[in-house]
Amino acid sequence: MRLRADIFVSSLLRRVFASGDFAAVEKKGAEEAGAIFIRQHFRDGLETLYAPAPQTAFAEDEIRDRLFEIRLARSEPEAVRAMLERERRFDPDLWIVELEAEELGDMIPLARDG
């Protein structure tokens, strides 16, 4: 069973604040199963966008927890906004979480390549 979206976001926000960085919910989505997109802001004005990993990122016997992939890496904010707007048109129940942190460590579970 996958962790509810609202609980995952709440936990992520607490971990970011505990590390001394800042986080906020830009758009609240469906509490139980909304897709979560994460915008990481850097001091130089660029952003990285993390999106839900596709189902192919999961092994068949793997527990279906939340995994993310980097959709845009250190891109201009306009490119990130445009991609999120396309995603919103496709899924209006998505979450958008903004983080102001240079390093995220293991706060966001990333799908592994290959």
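Above this note sits the structure.
Residues numbered from 1 in each chain as written. Predicted model: local features only at pLDDT ≥ 70, side-chain atom pairs only at ≥ 80, totals over all residues. Heavy atoms only, no water.

## Some remarks on the overall build of the chain
Here is step 1 of the chain: Of the regular secondary structure elements, the chain holds two helices and five strands.
Here is step 2 of the chain: In the chain, the succession of helices and strands from N to C terminus is α-β-β-β-β-α-β.
Here is step 3 of the chain: The burial tally for the chain puts 39% of its 114 residues in the buried class.
Here is step 4 of the chain: Pairs at least 24 apart in sequence give 69% of the contacts found in the chain among residues at least 6 apart. (Helix = DSSP H or I, 4+ residues; strand = E, 2+ residues; numbered from the N terminus. Buried < 20%, exposed > 50% of the residue type's maximum accessible area, 1.4 Å probe, protein only. Contact = heavy atoms within 4.5 Å.)

## Some details on the nonpolar core
Here is step 1 of the chain: L12, I36, I38, F68, V97, L99 and I108 are the most contacted members of the largest nonpolar core, which has 18 residues in total.
Here is step 2 of the chain: Top element by residues in this core is helix α1 (residues 5-18). It accounts for six residues.
Here is step 3 of the chain: Beyond its immediate chain neighbours, meaning those up to four positions away, V97 contacts V9, L12, L13, A24, I36, F37, I38 and R39.
Here is step 4 of the chain: One finds L72, M83, L94 and I96 within the second-largest nonpolar core, a separate group that totals nine residues. (Core = buried A, V, L, I, M, F, W, Y, C linked by side-chain atoms within 4.5 Å.)

## What to know about helix α2 (residues 77-90)
Here is step 1 of the chain: When the terminal C-alpha atoms of α2 are compared, their 20 Å separation across 14 residues agrees well with the 20 Å that a helix rising 1.5 Å per residue should span.
Here is step 2 of the chain: Structurally, α2 contributes buried residues whose contacts are with β2 (36-41), β3 (47-52), β4 (68-75) and β5 (95-100). (Expected span 1.5 Å × (residues − 1).)

Any link to function would need more than the numbers given here.
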